Amino acid sequence: MTTATPSAPTNKLGFTKQDYVGSKSTLCAGCGHDSITAQIINAAFESNIEGHRVTKYSGIGCSSKTPAYFINQGWGFNSVHGRMPSIATGASLANRQLINIGVSGDGDSMSIGMGQFVHAVRRNIPMIYIIEDNGVYGLTKGQFSATADKGSFLKTGAKNELPPIDPCTLAIELGCGFVARCFSGNPKQMNTILKAAFAYEGTVVLDIISPCVTFNNHDASTRSYKHVKDHDFPLHDLGFIQYSEVEDVDIAAGETEVVTFPDGSKVAIKAIHEHYDPTDRFGAMKAIHESMEKGEFLTGLLYINPIQPPLPQVLNLVDEPLASLGEDMLKPSAAELDKIMQSLM
Amino acid sequence: MTTATPSAPTNKLGFTKQDYVGSKSTLCAGCGHDSITAQIINAAFESNIEGHRVTKYSGIGCSSKTPAYFINQGWGFNSVHGRMPSIATGASLANRQLINIGVSGDGDSMSIGMGQFVHAVRRNIPMIYIIEDNGVYGLTKGQFSATADKGSFLKTGAKNELPPIDPCTLAIELGCGFVARCFSGNPKQMNTILKAAFAYEGTVVLDIISPCVTFNNHDASTRSYKHVKDHDFPLHDLGFIQYSEVEDVDIAAGETEVVTFPDGSKVAIKAIHEHYDPTDRFGAMKAIHESMEKGEFLTGLLYINPIQPPLPQVLNLVDEPLASLGEDMLKPSAAELDKIMQSLM
Amino acid sequence: MTASLAAPSPTQGAKTRINDFSIQVATVNGSGSQTANTVLLRAIFQMGVFVSGKNLFPSNIAGLPTWFTIRASAKGYVARKASNEMLILMNPETAKEDIAKADVGALVIYDEPLQLDKLRSDLAYIPVPFQKLVTASCPEPKLHKLVKNMIYVGVASRLLGIDMEEVKKAIAKQLKGKTKAIELNQNACVAGYDWAMENLPDQDHVKVVRDNKTQGLIIVDGNEACALGALFAGVTVVGWYPITPASSLVETFIEYADEYRKDPKTGKSTVAIVQMEDELASAGVVLAAGWAGARSMTSTAGPGVSLMSEFIGLGYYVEAPGVFFNVARTGPSTGLPTRTQQSDVELCAKCSHGDTQHINLYPGNMEECFQFSYDAFDLAERFQTPIFVVTDLDLGMQNWSSKPFAYPAKPYDRGKVLNQQQLAEAKDWGRYKDVDGDGICYRSLPGTPGGKGAYFTRGSGHNEYAQYSEKPEDYVAIVDRLKRKYETAKTHVPAPVFRNLGSDKGILAFGSSDPAVIEAQDVLAEAGLKTDYLRLRALPFTAEVDAFVQEKQVVYVVEQNRDGQMANLFRETYPALATKFKSVLHYNGYAIDAKCIVDQINAFEQK
Amino acid sequence: MTASLAAPSPTQGAKTRINDFSIQVATVNGSGSQTANTVLLRAIFQMGVFVSGKNLFPSNIAGLPTWFTIRASAKGYVARKASNEMLILMNPETAKEDIAKADVGALVIYDEPLQLDKLRSDLAYIPVPFQKLVTASCPEPKLHKLVKNMIYVGVASRLLGIDMEEVKKAIAKQLKGKTKAIELNQNACVAGYDWAMENLPDQDHVKVVRDNKTQGLIIVDGNEACALGALFAGVTVVGWYPITPASSLVETFIEYADEYRKDPKTGKSTVAIVQMEDELASAGVVLAAGWAGARSMTSTAGPGVSLMSEFIGLGYYVEAPGVFFNVARTGPSTGLPTRTQQSDVELCAKCSHGDTQHINLYPGNMEECFQFSYDAFDLAERFQTPIFVVTDLDLGMQNWSSKPFAYPAKPYDRGKVLNQQQLAEAKDWGRYKDVDGDGICYRSLPGTPGGKGAYFTRGSGHNEYAQYSEKPEDYVAIVDRLKRKYETAKTHVPAPVFRNLGSDKGILAFGSSDPAVIEAQDVLAEAGLKTDYLRLRALPFTAEVDAFVQEKQVVYVVEQNRDGQMANLFRETYPALATKFKSVLHYNGYAIDAKCIVDQINAFEQK
Ligand SMILES: Cc1ncc(C[n+]2csc(CCOP(=O)(O)OP(=O)(O)O)c2C)c(N)n1
Ligand SMILES: Cc1ncc(C[n+]2csc(CCOP(=O)(O)OP(=O)(O)O)c2C)c(N)n1
Ligand code: SF4
Ligand code: SF4
Ligand SMILES: [Mg+2]
Ligand SMILES: [Mg+2]
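Only a predicted model underlies this, so the values are computations on that prediction, with no experimental measurement involved. (Residues numbered from 1 in each chain as written. Chains lettered and ligands numbered in written order. Predicted model: local features only at pLDDT ≥ 70, side-chain atom pairs only at ≥ 80, totals over all residues. Heavy atoms only, no water.)

### Considering the overall build of chain A
Secondary structure assignment for chain A yields twelve helices and eleven strands. Within the span of chain A, comprising 345 residues, buried residues form 65% of the whole. By sequence separation, contacts in chain A at least 24 residues apart represent 69% of the contacts at least 6 residues apart. About 11700 Å² of surface is accessible on chain A, with carbon and sulfur atoms providing 52% of the total. (Helix = DSSP H or I, 4+ residues; strand = E, 2+ residues; numbered from the N terminus. Buried < 20%, exposed > 50% of the residue type's maximum accessible area, 1.4 Å probe, protein only. Contact = heavy atoms within 4.5 Å. Areas by Shrake-Rupley, 256 points an atom, 1.4 Å probe, with all protein chains shown as cover.)

### Topic: the coordination of the magnesium ion (ligand 6)
When a metal carries six donors in an octahedron, the ideal angles between them are 90 or 180 degrees, while four donors in a tetrahedron ideally lie at 109.5 degrees. On the protein side, the magnesium ion (ligand 6) has B:Asp106 (OD), B:Asn134 (OD1) and B:Val136 (O) as donor atoms, found 2.0 to 2.1 Å from it. The motif formed by the donor residues of the magnesium ion (ligand 6), counted along the single chain, is D-x27-N-x1-V. (Donors = N, O, S within 2.8 Å, 3.2 Å for Na, K, Ca; no water.)

### Description of helix H9 (residues 281–293) of chain A
For H9(A), spanning 13 residues, the distance from its first C-alpha to its last is 19 Å, which sits close to the expected 18 Å at 1.5 Å a residue. Every buried residue belonging to H9(A) is among A:Arg281, A:Phe282, A:Ala284, A:Met285, A:Ile288, A:His289 and A:Ser291, and all of these are buried. The inward-facing, buried residues of H9(A) abut helix H6 (167–173), strand E7 (178–183) and strand E11 (296–304) of chain A together with helix H6 (167–173) and helix H9 (281–293) of chain B. One or two steps after H9(A), the chain reaches A:Gly295, where phi turns positive at roughly 85°. (Expected span 1.5 Å × (residues − 1).)

### Focus on the interface of chain A and chain C
Listed per partner, the contact involves 55 residues of chain A and 71 residues of chain C. Approximately 5200 Å² of surface area, both sides summed, lies buried where chain A meets chain C, with 67% of it carried by carbon and sulfur atoms. On inspection of chain A and its partner chain C, the count reaches three salt bridges. The shortest N-O distance in the salt bridge between A:Asp319 and C:Lys268 comes to 2.9 Å. In this structure, the connection of chain A to chain C is made through 22 residue pairs in polar contact (both at pLDDT 80 or more). Here the element with the most residues in the side of chain A that touches chain C is helix H12 (residues 334–343) of chain A; it accounts for eight residues. Partitioning the side of chain A that touches chain C into residue classes produces 27 nonpolar, 20 polar and eight charged. (Buried area = accessible area lost by both parts, 1.4 Å probe. Salt bridge = Lys/Arg side-chain N within 4 Å of Asp/Glu carboxyl O. Polar contact = N/O pair within 3.5 Å; in protein donor to acceptor, adjacent residues only side chain to side chain. Nonpolar A, V, L, I, M, F, W, Y, C, P; charged D, E, K, R; others polar.)

### A look at the UniProt feature "domain: Pyruvate/ketoisovalerate oxidoreductase catalytic" (unreviewed entry) in chain C
In the numbering adopted here, UniProt assigns the feature "domain: Pyruvate/ketoisovalerate oxidoreductase catalytic" (unreviewed entry) to residues 30–194 of chain C. The span residues 30–194 of chain C shows a helical share of 46% and a strand share of 18%, and its end C-alpha atoms are spaced 27 Å apart. (UniProt positions renumbered as here; feature names shortened; annotations may be inferred.)

### Comments concerning the packing of H12(A) against helix H9 (residues 247–260) of chain C
Axis separation between H12(A) and H9(C) bottoms out at 13 Å; the angle between their running directions is 135°. By the angle between their axes, H12(A) is oblique relative to H9(C). Considering how the two elements wind past one another, H12(A) and H9(C) form a crossing that is right-handed. Across from A:Glu336, A:Lys339 and A:Ile340 in H12(A), the residues of H9(C) making contact are C:Tyr256, C:Glu259 and C:Tyr260. Residue classes in the contact of H12(A) with H9(C) are distributed as three nonpolar, no polar and three charged. (Axes fitted to C-alpha atoms, helices over the stretch in contact; angles between N-to-C directions. Parallel < 35°, antiparallel > 145°, perpendicular 65-115°, else oblique. Left-handed = near helix turned anticlockwise from the far one by under 90°.)

### Some details on the sheet that holds strand E23 (residues 538–539) of chain D
Working definition: the strands of a sheet are paired by backbone hydrogen bonds and lie parallel or antiparallel to each other. All names here are of chain D. With mixed pairing, seven strands are arranged side by side in an open sheet as E11-E10-E12-E13-E15-E14-E23. Every other strand in the sheet has two partners, leaving strand E11 (272–275) and E23 as the edge strands with one partner each. Judged from the seven bridges that link them, strand E13 (residues 322–328) and strand E15 (residues 386–392) form a sheet pairing that is parallel. The residue of E15 that forms the bridge with phenylalanine 324 is phenylalanine 388. (Pairing = 2+ DSSP bridges.)

### Some words on the UniProt feature "domain: Thiamine pyrophosphate enzyme TPP-binding" (unreviewed entry) in chain A
When the UniProt feature table is mapped onto this chain, "domain: Thiamine pyrophosphate enzyme TPP-binding" (unreviewed entry) is found at residues 60–208 of chain A. With 34% helix and 23% strand, the stretch residues 60–208 of chain A has end C-alpha atoms that lie 17 Å from each other.

### Considerations on the packing of aromatic side chains
Residue and element names in this part refer to chain C. Enumeration over the complete set of coordinates arrives at 46 aromatic pairs over all chains. A centroid spacing of 5.8 Å and a plane angle of 70° characterise the contact between phenylalanine 232 and phenylalanine 370, whose relative ring orientation is edge-to-face. Separated by 138 residues along the polypeptide, phenylalanine 232 in helix H8 (residues 222–232) and phenylalanine 370 in helix H13 (residues 366–383) bring together distant segments of the chain. Given the relative accessible area of 0%, phenylalanine 232 is considered buried. On the accessibility criterion, phenylalanine 370 (1% relative accessible area) is buried. Residues phenylalanine 570 and phenylalanine 581 carry aromatic rings whose centres are separated by 5.3 Å and whose planes lie at 45° to one another, so their mutual orientation is tilted. (Phe/Tyr/Trp six-rings, centres within 6.5 Å; stacked < 30°, edge-to-face > 60°.)

### Re the site of ligand 4
Residues in close proximity to ligand 4 include B:Leu27, B:Cys28, B:Cys31, B:His33, B:Cys62, B:Asn134, B:Cys212, B:Val213, B:Thr214, B:Phe215 and C:Ile61, which together make up its full environment. This site is not confined to one chain, since residues near ligand 4 come from chains B and C. Broken down by class, the residue content of the shell around ligand 4 amounts to eight nonpolar, three polar and no charged. (Near = heavy atom within 4 Å.)

### Overview of the interface of chain C and chain B
Listed by partner, the interface residues are 36 residues for chain C and 34 residues for chain B. Surface buried jointly by chain C and chain B totals about 2600 Å² across both partners, of which 60% is contributed by carbon and sulfur atoms. Seen at the junction of chain C and chain B, the total is seven residue pairs in polar contact (both at pLDDT 80 or more). Listed by contribution, the elements that provide at least two residues to the side of chain C that touches chain B are helix H2 (33–46), helix H5 (144–160), helix H7 (179–199), H9 and helix H10 (279–291) of chain C. At four residues, H7(C) tops the list of elements feeding residues into the side of chain C that touches chain B.

### Thoughts on the pairing of strand E21 (residues 505–510) of chain C
Residues and elements named next belong to chain C. Most of E21 sits inside the fold, with six of its six residues counted as buried. Burial along E21 is two-sided: Lys505, Ile507 and Ala509 facing one way and Gly506, Leu508 and Phe510 facing the other are all buried. Pairing analysis gives four bridges linking E21 to strand E24 (residues 554–559), with the strands arranged parallel. Paired with lysine 505 across the strands is valine 554, a residue of E24. Pairing of E21 with strand E22 (residues 532–536) involves five bridges; the strand directions are parallel.

### Quick word on the site of ligand 1
Neighbouring residues of ligand 1: 23 residues in total, closest A:Cys62, A:Ser63, A:Asp106, A:Asp108 and D:Glu279. Between ligand 1 and A:Asp106 there is a distance of 2.6 Å, counted from an oxygen atom to a side-chain nitrogen or oxygen. Contact between ligand 1 and A:Val136: an oxygen atom at 2.9 Å from a main-chain N or O atom of the residue. Protein contact buries 98% of the 590 Å² of open area that ligand 1 shows by itself. Of all elements in the fold, only helix H2 (62–65), helix H4 (106–110) and strand E5 (136–137) of chain A together with helix H11 (302–318) of chain D reach the threshold of two or more residues within the shell around ligand 1. Looking at the shell around ligand 1 element by element, the count peaks at three residues for H4(A).

### Observations regarding empty space enclosed by the protein
If you walk through the whole model with that rule in mind, you get 19 cavities of 30 Å³ or more. If you add up the space inside the largest cavity, you get close to 140 Å³. Together, 17 residues line the largest cavity, and A:Arg83, A:Ile112, B:Arg83, B:Ile112 and C:Asp278 are the ones closest to its centre. For the lining of the largest cavity, the secondary-structure elements that each account for two or more residues are helix H5 (114–123) of chain A together with helix H5 (114–123) of chain B. Sorting elements by how many residues they give to the lining of the largest cavity places H5(B) first, with three residues. Looking at the lining of the largest cavity, its residues break down into five nonpolar, seven polar and five charged. (1 Å grid on protein atoms, 1.4 Å probe; cavity = no way out; pocket = protein on both sides within 12 Å on 5 of 7 lines; lining within 4 Å. Points joined across faces, edges and corners; volume = space filled by probe spheres on them.)

### Examining the pattern of salt bridges
All told, the structure shown has 108 salt bridges over all chains when counted by the stated rule. Where C:Asp163 meets C:Arg210, a salt bridge forms, and the shortest distance between an N and an O atom there is 3.3 Å. Note that C:Asp163 is positioned in the loop between H5 and helix H6 (164–174) and C:Arg210 in the loop between strand E8 (206–207) and strand E9 (218–220), a separation of 47 residues in sequence. C:Asp163 gets classed as partly exposed once you look at its relative accessible area, which sits at 33%. On the basis of relative accessible area, C:Arg210 is assigned to the partly exposed category, the value being 45%. With a closest N to O distance of 3.8 Å, D:Glu97 and D:Lys101 form a salt bridge. In this pair, D:Glu97 and D:Lys101 are both assigned in helix H3 (residues 92–101), four residues apart and thus about one turn of the helix distant. Three or more residues joined by partner-sharing salt bridges are found here, namely C:Arg295, C:Asp375, C:Asp378, C:Glu381, C:Lys410 and C:Arg414.

### Quick look at helix H7 (residues 187–199) of chain B
Relative to the 18 Å expected for 13 residues at 1.5 Å per residue, H7(B) spans 18 Å between its end C-alpha atoms, a close match to the ideal helical length. Taken residue by residue, H7(B) has B:Pro187, B:Gln189, B:Met190, B:Asn191, B:Ile193, B:Leu194, B:Ala197 and B:Phe198 as its buried positions.

This is the structure in structure tokens:
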């Protein structure tokens, strides 16, 4: 069952953490997405997830490559750009015993994939829907995505003049029952929330701020951006400096921490306060929006209210996976065909 | 200029109301969409709109046919299903002097067209975006749309188990600066709001509850639906009874009126209270959601806050229509080509 | 009134057309005339006469002109016939034009106030006081509009000599169980019949005479037949989006699933049916469900296929099964959504960017709609690829008589799927390894326990072990194998069927063109031109197709599109024979008729 | 160290390859090697030698293997060459494999610690102590990684005999204006050069000798050339969505527009560029902007074209202009996004459901990328239809030398647009009336004052007056006219170009295959097989194409896809000649090379 050293700690299923890893990442060194991968591995291990029941879906993007980097015992489906939700829908209906993890990017989900995002949430597909949110299109070399902050700059100097779409408030508006935001540099919080997500039945929307060290400076303050620009060595065309991983932070409830990346960019991360009520829908929306206007990312479990049953339940499907039903369960009898033919005569 | 009788009243431009009509409607008699068409004609006439500057865009559906039924002096583009917003985007950029009216259905905009709806709002395309909202797909014979109320029934007896998407709260969440809801049976309110919409610069999202007399019973109360079903003559396959138009109502501020359609279905329409503050974003969202949970449709100007400039302004386009710029403005000189070639040597 | 029938008619003295005529009914849609027309059709059918119906309806819901054509044919010809012997004109808006287009000598039943009898002198007019009759026969004024149509059924039945008992039975059949409706409609019908009996002389232009041709046959449309095929094939996941003329395929399936796809023990459903937000999402559901081991399908039309293009290419390249019904309509773009065409041939054959080739099934009648729909799920799982079942509006939405469907006893072919034990025993398994040399690899299903068989599916470059690869040799190995797989399909898809009259001149057609071709063959043969007819039933072309095109001197490729799309596929597949293929085309949105085929073949022959 | 060069090498004594060799550099992407490689290429170019570069990069951002090939050719052959005379191996991950694939006798420059010299004895090894050199030459440790690559430029320059001044100039050119970067890179380069001078003996395997072939030429990639074409064509609305390899087309356009498309008076922009949410939305923007009178465009690749399919059909049927660049990559599905292919031929020719035919332009070099992009806007407005300009990753993203572009003096052709006055004077104007008999109708633009010319555009059935119609005759009239319009295009699209050596054997190719075909022609001719070569530049086929395929005995259709897609179009267009077309294919994702063409043609000839 386990290929690691016999002394490695195992979980209740007898698996070591090594049993939850995937192939080697091909992302840039220091990419926030890799930190998320690490926490998915940890949370799955700690939550005693049966690897073979895990299915991993994604669209296209750097983020969408990551399902190859965790839980090799599960099946993966890296599909087409923006259509991960429909892939998750089809597979989760075919086999309701699967544990569905969807990984997408802000471009993948908030631009081309907006329609599918909205409708997956509406249908309450049983899945953890992770948006690895860096405000840019990493894989196509750094164009703005729809979550880019208004007024933020690209490396090329281009300025984003459009307001961002927030996946979290949007999900709450759409009636999602589990909405959280994390920061890839805060593994502790991510771990807790991922474990909660594994325990949840319907759609979990998890927006994880995950800086693209190569293309997005993602500055809260223009000053700091200028600083970088003025003081840094101008890079080669495609060249960049291999950043070491951002140092992990652990932000106490209610506190704000300004995290600086090696390239000098800064993001303000605020953990929700202990008194924050994640069951108050409009209170949550207001707090998140207001926080965002201050240039902060409110993180934590933002909203929870599991009112809507997940889709397989709404459809009143049999308990066995549809995929494994035999011909006896599926094919009506000759007599039944006869009856139908009679009715058409 | 006017083809009507010389005695017909004219507006400031010298046009009669007849100058704002279109071709004959081919919708079902009594369709709510026709009442909207009538009010667009009235509001354009009363707002002294120059017909030749009007462009009308739509997707596919009964609702999307209606641009053929008003303002014949304007150009129309009945495009493909769910893609009206991108058509409006392209044309409004090509010629920023156009007055853009987009007409769509709840299926056209909230299902297949969700992505384009969201992004048109985000970009603040200068247009009146009308959703003729009947909760069903009229043109394809009555399947549920994404705005169908949870628990509502189709004629076939099928029940909708999914929660509705509300175009209004969604638009507010997305930062739309002018969001209103009307009811096709309340022409007075519709007229006022349409005139305000003509005066607005960015995207106006106008959700107009517009009952489909043929396919949607759209009951607030199950009892009333049952009543119809039990007491009514079972109709032929495709047959239905030609309903006369729903009687017009005029609902005073803060009041709720239950409107009954000829087929017995009922909809509760509530006009917003005089003290309602349409500039309070989260208050508005809360009020609308709460109202909806009570089975009411809150109507009126729900939210207004024109903070974001419309797209042509964001792009800092020249004032003249791009479409009419001459070669002199567009083609760089031979010397400039030479300079570019030098830089590539 | 009797005057009109007595009026000089050029057909007087002509031979009575017994069980061999067409009736065209012009009404307004949404007026319930579809029911009346179906009753009339069914009554003729019950008289034992071959009959077919074509509904020519507009792309709106109510208030626009609609025509319904009923063709009775003792010889069993069921194609559209361009000429009509009887007209029933209920729509004031089109009546004049309808009269103008009428064939000389036609009987014209019309609503009296329309006063059409002055328009032409070479028609036989039968004005009917519908309003008077309807008022007398129906107590509820709000139902007059609907019931009015039943009156013409009564009048026509009397004129044609249809037994009133058959008409009443047909009404009861049509309105299954709705007692009050049945009674009201039957009353109206009788009122028309009685009025005609009293007020009209007999006519000898067209007649129905009882026959025994339809004993044991069913009446069904192609969408229902396909839905039944899918039902018996055990489809378990359906992702769909409404579009004319494909919606009723899934909608009919939903009705049957309600009855036949509930677990008897728990009452729970053994099929997941989800109306998706669009066709892209439907395609995603189908492919992912197929990937996860379900039998999955969707149903759409041209615009939907265009939208699914990207996903279809994914399905082809990652090798995910799924059944895609394309009930084709008149393109391009929205085109004529309520008219028929076969103009997605090349699209479905090669849908998506890059090099792609798809298995297509082309049923040509109701039994095949049923059987091929059944087979499509086997093929999808066997070949691990998207399968297109291509019908069209004519097959899908029109009424066709058919032999009852044979029970598909053949057990499901679930294809090359390794279970837990097989995976445990497999040596060096690779998802994309061609172990058997047929281009088809062994797959595993998500959720299989045992710790073996998990793999990563991707639309990007991959090697035999499903690992990411950009190596040229890995890429070429995969796409060459896919080509081999397509070769293998030649021995698995339905072979063509033949109707050979003994000739070296071939006709090649597919799908809904079949009845028109058969009739055309007979007409040509009567005039001395014998032909052999191959009805193509699938892509890729099988050995039988090879042999036919090799041996014929000329092959007339009959199809319902402008560009000769199937002929194109033949020209590129058989370059050495390319000059043999002559296109016989029909693409105005109406169902193809025999005459247009005969005329075009004659024109070629005279060259 | 000197030892390795002295090692027995099978090429010793062989003739020195002067200005005729390939160098392959293996690095890791994101390491700045692209800059180093371009400097090396540019330095050779500045030495007056024809040179071309191919970057073989992975579909990720950083950390994966990348190869860059530089070919110098005195004869001007710029196609990829399968064999390399010099290797520069910087990537430990691929070094062993690179050595295994190396051509006998190749010079191998590598990072000393890799210890590759034990692997094969038939190569000439040049280990370089990069780490030592980099530490000595660059004070900032965090820049070592980048600067390391410049060192191999220095070493190679010394070995090849490239003038160091040219290298320094090339660095300055590449890093325009970034003083500190220029200095650092030049220092590193010199360090490599000096080290080689001191430590390596001279070699006589490959040499660069100053020539004068590149005087006055530019270096550019196809995406930039297309962007410039669009700039000069006066594009006013751009709706786009990023996708490899098409993104840089619009991104380069944005840079130029920043400078050249601001109203000098107001500083405001004369072009609207919007990054849309996806390709469907981009297509909508393009068509609507074209409809409203703008010159509009987008740039995409295969997956984007698939997604745009529905909209392309709308554009065809409603007759809205728009320019669609397809910078093709290796399909199907996501395929190999950073590799080249010509596999969207049939898709672009007939994109969308229903009967559709599109004008396609196939530029084959940088000047044509510029000129055809310019012309595409004229064609779009003249023919009121979507125009595809099809290039590929090889043309679009690789470095090509070219003559400077000629100024496109020809004034814009804005097509048949009626202004206010013309509309006032027009008698019985109908949007879809074929007044001139060429299939092209007169249109009016939204916003035109005067109360005339407004019409309703719809993707559903319409008549000549743009009114809704489901009438069969109206439908047929429109689609037949569209076919006529496509015929008209034959005299408007670019004619093919020829390179005839005087033969009845034809080669037919298009786009990026051009250099490989030219080289293949020469190789074949040297071996005694003369060929005539037609380079196709557009669909539909023009009269010159007709004549060529008529007169040749055989036509080798060279293309970069698996299924011979262009050959298919020829077989269906010229059924009488179908057997003439023989497919010469290359589809592994690498740019096509002459050898594969020569080999396949020889194989056919020997049959
Ligand atoms: C249909 C289609 N259009 C465009 C692309 C090109 N593309 C690849 S990834 C990507 C954006 C990815 O951005 P995001 O989802 O934010 O992922 P990230 O790389 O930032 O993690 C795009 C546009 C594509 N693969 N498919
Ligand atoms: C791509 C595509 N898919 C499906 C259809 C079929 N279709 C036509 S109208 C329509 C729904 C219209 O619903 P809605 O927008 O609510 O308009 P309504 O008829 O209710 O006014 C659909 C699905 C289509 N025309 N195109
Ligand atoms: S480009 Fe950005 S998002 Fe992509 S792998 Fe590199 S750091 Fe991560
Ligand atoms: S079907 Fe419904 S939405 Fe369509 S025209 Fe009729 S009433 Fe209106
Ligand atoms: Mg991103
Ligand atoms: Mg609707």
